[in-house]
Amino acid sequence: MPIASSLKSIDPDIFRLVQMEVRRQEYGLELIPSENFVDEAVLEANGSVLTNKYAEGLPRKRYYGGCDCVDAVEELAIARAKELFGTEFANVQPHSGAQANQAVYEAFLKPGDTVMGMRLDQGGHLTHGSPVNFSGKHYKVVAYGVRTTDHLIDPDEVMALAKEHRPKLIICGATAYSRRIDFALFRKVADEVGAILLADIAHYAGLVAAGEYPSPVAYADIVSTTTHKTLRGPRSGLLMGKAQHAQVINRAVFPGLQGGPHMHTIAAKAVSFKEALAPDFKIYARQVIANARALSDALISLGLKIVSGGTDSHLMVVDLRPIEVSGKDAQHVLDSVGITCNKNTVPFDTQPPTVCSGVRIGTPALTTRGMGIAEMKTTAELINQTLRNRTDEKKLDEVREQVRALAGRFPLYRHRLVTE
Ligand code: DSN
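This write-up is about the structure you can find in this document. The structure presented is a predicted model; accordingly, all values stated were derived computationally and were not measured.

Definitions and cut-offs
- Within any chain, residue numbers begin from 1 and follow the written order of that chain's sequence.
- Only residues with pLDDT of at least 70 get local features here, since the model is predicted, and only at 80 or more are side-chain atom pairs given and counted; chain-wide, interface and lining totals rely on the full set of residues.
- Neither water nor hydrogens contribute to the side-chain values; these are computed over all heavy atoms in the structure.
- Runs of H or I in DSSP of at least four residues are treated as helices and runs of E of at least two as strands, each being numbered from the N terminus.
- Three labels apply to residues, based on accessible area from a 1.4 Å probe with only protein chains included: buried if under 20% of the type maximum, exposed if over 50%, partly exposed otherwise in between.
- Should any heavy atoms of two residues lie within 4.5 Å, those residues are considered in contact.
- Note on areas: these come from Shrake-Rupley sampling with a 1.4 Å probe, and a residue is covered only by the protein chains present in the view.
- Under the counting rule used here, the positive set is Lys and Arg, the negative set is Asp and Glu, and His together with the chain ends is not counted.
- Where a charge lies is defined by one atom per residue type: Lys uses NZ, Arg uses CZ, Asp uses CG and Glu uses CD.
- Site definitions follow a grid-based scheme: protein atoms alone, a 1 Å grid, a 1.4 Å probe that fits but cannot get out for cavities, and for pockets an open set with protein on both sides within 12 Å along at least five of seven lines, plus lining residues having an atom within 4 Å of a point.
- Grid points are joined across faces, edges and corners, and a volume is the space filled by probe spheres set on the points.
- Only Asp, Glu, Lys and Arg are considered charged in this grouping, and only Ala, Val, Leu, Ile, Met, Phe, Trp, Tyr, Cys and Pro are considered nonpolar; every other residue, Gly among them, is considered polar.
- When DSSP finds two or more bridges between two strands, those strands count as paired.
- Between the N-to-C directions of two axes lies an angle of 0 to 180 degrees, each axis being a line fitted to C-alpha atoms and, for a helix, fitted only over the stretch in contact.
- Only buried residues count toward a nonpolar core, which is a set of Ala, Val, Leu, Ile, Met, Phe, Trp, Tyr and Cys residues joined through side-chain atoms within 4.5 Å.
- Here the arc refers to the set of directions running from the helix axis out to each C-beta atom.
- What makes a salt bridge here is a side-chain nitrogen of Lys or Arg within 4 Å of a carboxyl oxygen of Asp or Glu, nothing more.
- Each angle gets one of four labels, with under 35 degrees taken as roughly parallel, over 145 as roughly antiparallel, 65 to 115 as roughly perpendicular, and the rest as oblique.
- What makes a crossing left-handed is the near helix being turned counterclockwise from the far one by less than a right angle; a clockwise turn instead makes it right-handed.
- Nearness of a residue to a molecule or strand requires only that one of the residue's heavy atoms be within 4 Å of it.
- Any pair of N or O atoms that falls within 3.5 Å is considered a polar contact. Within protein, one atom must be able to donate a hydrogen and the other to accept it, and sequence-neighbouring residues count only if both atoms are side-chain atoms.

Next up on the list: the overall build of the chain. Of the regular secondary structure elements, the chain holds 16 helices and 15 strands. On the principal axes, the C-alpha backbone points of the chain span a range of 60 × 55 × 35 Å. Across the 420 residues that make up the chain, the buried fraction comes to 56%. The contacts of the chain with a sequence gap of at least 6 include a subset with a gap of at least 24, amounting to 72%. Total accessible area on the chain stands at roughly 17900 Å², and carbon and sulfur atoms take up 53% of it. Between the centroid of the 48 positive side chains of the chain and the centroid of its 47 negative side chains there is a distance of 1 Å.

Here you go:
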């Protein structure tokens, strides 16, 4: 059933672009591992009148009147986040993962203090100390990476760097690391040098919540995450951790960094936390990993190379050097047939980040559509055909049709296309 649209009459330009995006999501194969598809309940809460409300402060301690409803909304979101991850406190106000991490810096550090995080070009994140980010500009950064031999985090390097530089904050967590992170190791290292330990589980959060990926909660002082990746909530952030840090984190988020919380998004987060607490979500998370392993195995059997040789999570980085195509060109040609991914550096890449030697792919979004192992094998075949026939327009046309047909078998938001 098409939905009624006031947007169509008030702003036909934006309406048309939204419709184009519905079509792109509906008929393409979404492989960006940090993306997912929220359901109608999350969309409804996110698009609700709660967007109208200012509520600076925390529940029952606001700087505005009229907050009874949003107080209850935020209390539900906090309680559900704590239950989902088993944490002592939660702050549901960060607008994004980057702002959640910024709040942790604000809470525990002074400009110039030393921070240790994973190198961005080997799988870390901008906010873990990249020189082009606030974290790298305002703090002294020590970066660990992966081993040349197996592309896994090297525990000895992490310990040695920490002992040498004695960071005040150690960050574990990644955006392009497919294997399990040893959170106990990072606790040991943090204790050795008296550092605060931040686990940024933005990528793995849904898998952690479902018990399908190791949880850092027993080890980290603070856990940060986004809510829209494997967790399948609205685009936003979340901070959790040990009760002793609640006050300093709460004050860093507001008034330290942010103004009014986005109450519509907090409501949508609460909905997604409720969904993640349901038994079905565990089945989903397990399938995400099974699908990622199937996709990785199928790509390897087709002669493609996967960084570290496989995956224990929802994502993998395909090393394209053996087939002599850059990440940039691969992303472009895959996009042209309706397969969406992002170019990504491989460890020890010699290409600049605008070019890259790999692409990062993952299965959260396709799994949400209901796809399983058979569809992962087909997807691997379609990726392989595209990359190996990238100048053959006829072949690319065939792949384009197959992509559309496969996606069409797993309806997503088709009912949101307004046809009249
Ligand atoms: N941009 C996110 C990702 O794609 O992994 C990280 O913030």
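Before going further, it helps to examine empty space enclosed by the protein. As enumerated under the stated definition, the model contains two cavities of 30 Å³ or more in all. Counted as a void, the largest cavity has a volume near 130 Å³. Around the largest cavity, the lining is made up of 16 residues, and of these Ala176, Tyr177, Val307, Val317 and Pro347 lie nearest the centre. Residue composition of the lining of the largest cavity, grouped by class: seven nonpolar, seven polar and two charged. Its boundaries defined by the atoms lining it, the second largest cavity holds a volume of some 40 Å³. If you go around the second largest cavity, the residues you meet are Leu31, Val318, Leu334, Ile339, Cys341, Val359, Ile361, Ile383 and Leu387. Of all the elements in the fold, those that place two or more residues in the lining of the second largest cavity are strand E15 (358–362) and helix H15 (373–388).

Read from one edge of the open sheet, seven strands run E4-E10-E9-E8-E7-E5-E6, paired in mixed fashion. Each having just a single partner strand, strand E4 (89–91) and strand E6 (140–144) make up the two edges of the open sheet. Neighbouring strand axes in the sheet, compared pairwise and without regard to direction, differ in orientation by 20 degrees on average. Bridge count between strand E7 (residues 169–172) and strand E8 (residues 196–200): four bridges; the pairing is parallel. Each bridged residue has a counterpart across the sheet, and for Ile171 the counterpart in E8 is Leu198.

A few words on the nonpolar core. With 70 residues, the main nonpolar core has Phe85, Tyr144, Ile153, Ile170, Ile181 and Phe186 as its most contacted residues. Beyond its immediate chain neighbours, meaning those up to four positions away, Phe186 contacts Tyr144, Ile153, Val158, Ile170, Cys172, Ile181 and Leu197. Among the nonpolar cores identified, the runner-up in size contains 35 residues, and Ala292, Leu304, Cys341 and Met376 belong to it.

Those residues of helix H13 (residues 327–336) not exposed but buried are Gly327, Ala330, Val333 and Leu334. An end-on view of H13 places all buried positions within 135 degrees of arc, on one side of the element. Looking at the buried residues of H13, the elements they touch are strand E13 (339–340), strand E14 (342–344), E15, H15 and helix H16 (393–408). One or two positions beyond H13, positive phi appears at Gly338, with a value near 95 degrees.

For the rest of this paragraph, the subject is the pattern of salt bridges. Under the criterion given, the structure shown has 24 salt bridges. Here Glu26 makes a salt bridge to Arg414, at a shortest N to O gap of 3.4 Å. Taken as a pair, Glu26 in helix H2 (residues 12–27) and Arg414 in the segment after H16 lie far apart in primary sequence, 388 residues in all. Judged by relative accessible area, Glu26 falls into the buried class, the value being 0%. What makes Arg414 partly exposed here is its relative accessible area of 32%.

Right, let's talk about the packing of helix H7 (residues 155–165) against helix H8 (residues 183–193) for a bit. One can describe the packing of H7 onto H8 by two numbers: an axis separation of 9 Å at closest approach and a directional angle of 20 degrees. Regarding the angle of H7 to H8, the classification is roughly parallel. The chirality of how H7 crosses H8 is right-handed. Packed against H7, whose contacting residues are Pro155, Val158, Met159, Ala162 and Lys163, the element H8 presents Leu185, Phe186, Lys188, Val189, Glu192 and Val193 at the interface.

In the vicinity of the ligand, the contacting residues are Ser34, His125, Thr175, His203, Lys229 and Arg360. One nitrogen or oxygen atom from the side chain of His125 is found 2.8 Å from an oxygen atom belonging to the ligand. Note that an oxygen atom of the ligand is positioned 2.6 Å from one of the side-chain N or O atoms of His203. Residue classes in the shell around the ligand are distributed as no nonpolar, four polar and two charged.

Pairing between the strands of a sheet is mediated by backbone hydrogen bonds and can be parallel or antiparallel. Reading across the sheet, the four strands line up as E11-E12-E15-E14 and stay open at both edges, with antiparallel pairing between neighbours. Either end of the sheet is taken by a strand with one partner, and the two such strands are strand E11 (305–306) and E14. Two elements, strand E12 (residues 315–319) and E15, share five bridges in a ladder whose sense is antiparallel. Within E15, the position partnered with Asp319 by the bridge is Gly358. In this fold helix H12 (residues 279–301) packs onto E11, E12 and E15, with an angle of close to 15 degrees to the strand it touches most, E12.

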